[in-house]
Amino acid sequence: MKEIIDIVAAYEEAVKSGKKTALATVVLVEGSAYRRAGARMLITEDGQLTGAISGGCLEGDALRKARMVILQQESLLVTYDTMDDDDAKLGVGLGCNGIIHILIEPINDKQPNPVTLLKAVIASRGYTVLVTVFSMTDRKAPQPGSCLCLTGNETLPNGLETLPYQNELLEDARNALDNQRSSVTAYNGYTAFVECVKPLISLVIIGAGNDAMPLTKIASVLGWNITLVDGRPNYATAERFPSVNKIVIAKPDQVLANLEINEWTAFVLMTHNYNYEIAFLKSILPLQTSYIGILGPRKKLERMLDELEAGGTFVSPANLEAIYGPVGLDIGSETSEEIALSIVAEIKAVFAARNGNSLKYKTSLIHSA
């Protein structure tokens with residue numbers, strides 16, 4: 001999602017400057033590659049790149065082909081075969097072992113266009129589906145490209161009505177949205193990459209102390225939506241926290257009225273104020289959120305839970321599963337920056353349903369097919 005946000009922002013700047021652009025999308029990967037299907041890169045006619053389609057080895061060649069696409073205003077499907085050990089004939093050292101198919105589309109002023117669909121993805125707070133259609137059997141045939149964005153309450157077509165298999169595409173898009181899973185399907189000589197895009201993680205940080213600063217900075221680099229909450233107006237300021245999206249100054253029982261919470265919302269309690277945190281924890285337990293991180297020793301958390309239950313608050317097994325205290329992965333953190341890194345890594349692992357172990361010990365594929 002961060003890449004999509006950056007691409008849309010770069011496109012808006014290019015439009016202001018009168019620059020023509022093209023969008024490169026990895027639509028299919030056979031074997032292994034640095035980036036998976038769904039990786040994107042915006043290319044301007046003067047060579048500015050936003051996003052990435054590889055580890056840096058394909059971008060130069062893609063730039064040359066994108067300039068041709070911009071000039072001819074016709075989409076182009078490009079294939080890089082890295083199954084051969086002799087990468088030198090591509091002019092790049094890929095270090096991969098797969099076949100990478102990349103669709104490069106010109107972006108014009110017509111509405112909607114591929115960037116219009118990306119904007120719809122950003123605007124949605126839930127899962128969305130993007131459909132990109134291309135022809136592998138006849139590369140000289142028209143490449144339909146980005147033709148549909150499907151959200152929970154909106155269907156935004158982009159040339160979909162011209163395709164003879166539009167009903168099948170719509171059905172596959174709805175299935176992908178329901179199952180929250182991407183797919184690749186063939187239609188009469190064409191292939192559709194039906195991509196399910198996960199929502200943006202929303203991080204709510206309770207506490208505006210100095211140790212919250214590196215946490216906001218790291219989360220901002222990842223493009224997360226960050227809300228900072230504290231009861232002290234002299235601590236929770238835009239000057240101290242320039243990378244947060246929203247600042248809420250409120251008492252614990254007033255915080256929830258100022259938040260938009262969904263299944264992708266993570267809370268981190270780090271106020272160093274026991275009474276504030278236990279009051280806020282009591283208010284969010286009934287929401288059955290996926291992640292509640294609590295900074296501090298295990299004894300502190302045990303005391304909080306004991307007091308809540310003694311006061312009549314039911315702490316369910318699901319609550320206990322969602323509470324992470326002490327917060328963060330065990331990476332030997334000591335400084336506030338290292339602690340912030342461990343917290344962000346743990347949140348990412350939880351929402352990705354991963355265990356946070358070293359990839360060295362993973363016996364299966366890093367990414368599912």
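Residues numbered from 1 in each chain as written. Predicted model: local features only at pLDDT ≥ 70, side-chain atom pairs only at ≥ 80, totals over all residues. Heavy atoms only, no water.

An unreviewed UniProt entry lists the protein under the name XdhC family protein, from Mucilaginibacter rubeus.

Tallied over the full model, the rule gives six aromatic pairs. When the centroid spacing of 6.0 Å and the interplanar angle of 75° are considered together, the rings of Y127 and W264 count as edge-to-face. Placement of the pair is Y127 in the loop between α3 (114–123) and β6 (128–134) and W264 in the loop between β13 (246–249) and β14 (265–269), with a sequence separation of 137 residues. Pair check on accessibility: Y127 and W264 agree, each one buried. (Phe/Tyr/Trp six-rings, centres within 6.5 Å; stacked < 30°, edge-to-face > 60°. Helix = DSSP H or I, 4+ residues; strand = E, 2+ residues; numbered from the N terminus. Buried < 20%, exposed > 50% of the residue type's maximum accessible area, 1.4 Å probe, protein only.)

Here we come to the confidence of the model for the protein. Close inspection of predicted coordinates is inappropriate in any region flagged by low pLDDT. Model confidence for the protein is summarised by a mean pLDDT of 90, while 94% of its residues fall at 70 or above. Per-residue pLDDT, averaged within each element of the protein, yields its smallest value for strand β8 (residues 155–157) (88) and its largest for strand β15 (residues 291–294) (98). Predicted confidence is poor over residues 87–94, with pLDDT under 50, and the contacts of this stretch with residues over four places away or in other chains come to 14 contacts. (pLDDT = per-residue confidence, 0-100. Contact = heavy atoms within 4.5 Å.)

Attention now goes to the nonpolar core. By size, the foremost hydrophobic cluster in this structure holds 46 residues, and its most contacted members are V131, V133, L169, L203, L215 and I347. The contacts of V131, once residues within four sequence positions are left out, are G145, S146, C147, L148, L169, A173, A192, F193 and V194. Core analysis: the second largest hydrophobic core is formed by 24 residues, V204, I292, I294 and V315 among them. (Core = buried A, V, L, I, M, F, W, Y, C linked by side-chain atoms within 4.5 Å.)

It is worth spelling out the sheet that holds strand β12 (residues 225–230) at this point. One open sheet holds the six strands; their spatial order is β13-β12-β11-β14-β15-β16, and the pairing between them is parallel. Both edges of this open sheet fall to β13 and β16 (323–324), since each of them pairs with a single strand only. By the bridge criterion, four bridges tie β14 to β15 in an arrangement that is parallel. Pairing of A266 across the sheet is with Y291, part of β15. Docked against the sheet, helix α5 (residues 213–221) engages β11 (202–206), β12 and β14, running at close to 175° with respect to β11. (Pairing = 2+ DSSP bridges. Axes fitted to C-alpha atoms, helices over the stretch in contact; angles between N-to-C directions.)

The next thing to look at is helix α9 (residues 336–351). For α9, spanning 16 residues, the distance from its first C-alpha to its last is 23 Å, which sits close to the expected 22 Å at 1.5 Å a residue. All of the buried residues in α9 are A340, S342, I343, V344, E346, I347, A349 and F351. Packed against the buried residues of α9 are β11, α5, β14, β15 and β16. (Expected span 1.5 Å × (residues − 1).)

This part covers the sheet that holds strand β7 (residues 145–150). Strand order in the open sheet made by the five strands is β8-β7-β6-β10-β9, with antiparallel pairing throughout. The strands lining the two open edges of the sheet, one partner per strand, are β8 and β9 (183–187). Across this sheet, the average inter-strand angle for adjacent strands is 20°, counted without regard to direction. As paired strands, β6 and strand β10 (residues 190–197) are joined by seven bridges and run antiparallel to one another. Bridging across to β10, T128 finds its partner in V197. Packed onto the sheet, helix α4 (residues 166–179) meets β6, β7, β8, β9 and β10 and runs at close to 140° relative to β6.

Attention shifts here to the side chain of T191. Structurally, the position occupied by T191 is in strand β10. If sequence neighbours within four positions are ignored, T191 has contacts with T132, V133, F134, M136, V184, T185 and A186.

It is worth spelling out the UniProt feature "domain: XdhC Rossmann" (unreviewed entry) in the protein at this point. Here the UniProt-annotated "domain: XdhC Rossmann" (unreviewed entry) positions come out as residues 203–347. Counted over residues 203–347, helix gives 35% and strand 17%. Its end C-alpha atoms are 9 Å apart. (UniProt positions renumbered as here; feature names shortened; annotations may be inferred.)

Next up on the list: the domain arrangement of the protein. Parsing the protein into structural domains produces domain 1 (1–108), domain 2 (111–199) and domain 3 (202–352). Centre-to-centre separation of domain 1 and domain 2, based on C-alpha positions: 19 Å. Contacts between the two partners involve 24 residues from domain 1, matched on the other side by 24 residues from domain 2. Buried area between domain 1 and domain 2, both sides added, is near 2000 Å², and the carbon and sulfur share of it is 72%. Interface area lost by domain 1 to domain 2 is led by M1, V27 and L77, which between them contribute 26%. (Domains from an automatic or database assignment. Buried area = accessible area lost by both parts, 1.4 Å probe.)

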